[in-house]
Amino acid sequence: MGAEFVEKAARSFAKSWDKGKVKLSTADLLTRTPEQQVVVCAADLLGPHIPKIGDQVTVELEGSRMIARDGVNEIAIVNQPSAAVQEALKKSCSIAPGQIEKVHSLAGVIEVSIL
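Being a predicted model, the structure only gives us computed values, none of them experimental. (Residues numbered from 1 in each chain as written. Predicted model: local features only at pLDDT ≥ 70, side-chain atom pairs only at ≥ 80, totals over all residues. Heavy atoms only, no water.)

Asker: What am I meant to see in the pattern of salt bridges here?
Answerer: Scanning all chains against the criterion turns up four salt bridges. A salt bridge links Glu 60 to Arg 69; the shortest N-O distance between them is 3.0 Å. According to the relative accessible area criterion, Glu 60 is buried, its value standing at 18%. Residue Glu 62 is joined to Arg 69 by a salt bridge in which the shortest nitrogen-to-oxygen separation is 3.1 Å. Residue Glu 62 is classed as partly exposed on the basis of its relative accessible area of 31%. Each of Glu 60, Glu 62, Arg 65, Arg 69 and Glu 74 takes part in one network of salt bridges that share partners. (Salt bridge = Lys/Arg side-chain N within 4 Å of Asp/Glu carboxyl O. Buried < 20%, exposed > 50% of the residue type's maximum accessible area, 1.4 Å probe, protein only.)

Written as structure tokens, this is what we have:
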């Protein structure tokens with residue numbers, strides 16, 4: 001009876017080591033997996049201020065409009081954002097950080113990514 005217990009314990013111990021070996025042998029140092037999807041949308045510029053690529057903004061959903069703000073200044077607006085943009089903002093209580101991806105100053109349009 002004591003020998004059976006030792007054999008059962010030894011098998012479960014070997015299995016746990018096998019799982020650890022698999023985890024250790026999995027290459028994940030340079031593996032890039034997306035943790036979060038980034039939503040990008042085009043917004044119309046407001047006023048004379050033209051932001052630069054890489055600038056951090058705050059993106060808010062107000063009613064049916066999306067507004068990008070640099071501090072307290074409104075810099076861009078989308079009157080009817082897509083369903084994906086609305087969903088991304090609603091997940092974060094209608095306010096989220098954003099980043100300027102592209103600037104089309106002649107057209108008066110910027111591309112904003114919602115993080």
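Asker: Is there a simple way to think about the nonpolar core in this case?
Answerer: One broad rule of soluble globular proteins: the nonpolar side chains tend to lie buried together. Judged by nonpolar contacts, the single largest core of 19 residues is most densely connected at Val 57, Val 59, Met 66, Val 85, Leu 89, Ile 110 and Ile 114. For this core, the elements supplying multiple residues, two or more each, are strand 1 (39–45), strand 2 (56–62), strand 3 (65–70), strand 4 (73–78), helix 2 (83–91), strand 5 (95–104) and strand 6 (109–114). Considering every element that reaches this core, the biggest residue donor is strand 1, with four residues. Here Met 66 is in contact with Cys 41, Ala 43, Val 59, Glu 60, Ala 76, Ile 77, Val 78, Pro 81, Val 85, Leu 89 and Ile 114, once residues within four sequence places are set aside. (Core = buried A, V, L, I, M, F, W, Y, C linked by side-chain atoms within 4.5 Å. Helix = DSSP H or I, 4+ residues; strand = E, 2+ residues; numbered from the N terminus. Contact = heavy atoms within 4.5 Å.)

Asker: So what exactly am I meant to see when it comes to the pairing of strand 4 here?
Answerer: Residues in a regular strand point their side chains to alternate faces of the sheet. The pairing of strand 1 with strand 4 spans two bridges and is antiparallel. Residue Asp 44 lies in a different strand from strand 4, and its bridge partner there is Ile 77. Between strand 3 and strand 4, which pair antiparallel and follow one another directly, the connecting turn spans two residues, one of which, Gly 71, has a positive phi of 75°. (Pairing = 2+ DSSP bridges.)

Asker: What is the right way to read the side chain of Glu 60 from this model?
Answerer: Mapped onto the fold, Glu 60 is located in strand 2. Among the polar contacts listed, one links the side chain of Glu 60 to the side chain of Arg 69, at a separation of 3.0 Å. In this structure Glu 60 touches Arg 65, Met 66, Ile 67, Arg 69, Leu 89, Ser 94 and Ile 95, once residues within four positions along its chain are discounted. (Polar contact = N/O pair within 3.5 Å; in protein donor to acceptor, adjacent residues only side chain to side chain.)

Asker: Is there a simple way to explain unusual backbone geometry in this structure?
Answerer: What you tend to see is this: most non-glycine residues have negative phi, and most peptide bonds are trans. Non-glycine residue Cys 93 carries a positive phi angle of around 60°. Relative to the helices and strands, Cys 93 is located in the loop between helix 2 and strand 5. Assessed through its relative accessible area of 69%, Cys 93 is described here as exposed. Backbone geometry places Ser 94, a non-glycine residue, at a positive phi of 70°.

Asker: Explain the sheet that holds strand 6 to me, please; I cannot follow it from the model alone.
Answerer: Strand pairing in a sheet relies on backbone hydrogen bonds. The paired strands run either parallel or antiparallel. As summarised here, the arrangement of the six strands in space is 1-4-3-2-5-6, forming a closed barrel in which the pairing is antiparallel. The sheet shows a mean angle of 45° between the axes of neighbouring strands, taken without regard to direction. The sheet contact formed by strand 2 and strand 3 spans five bridges and is antiparallel. Residue pairing in the sheet places Thr 58 in a bridge with Arg 69 of strand 3. With respect to the sheet, helix 2 is in contact with strand 1, strand 2, strand 3, strand 5 and strand 6, its orientation differing from that of strand 2 by roughly 100°. (Axes fitted to C-alpha atoms, helices over the stretch in contact; angles between N-to-C directions.)

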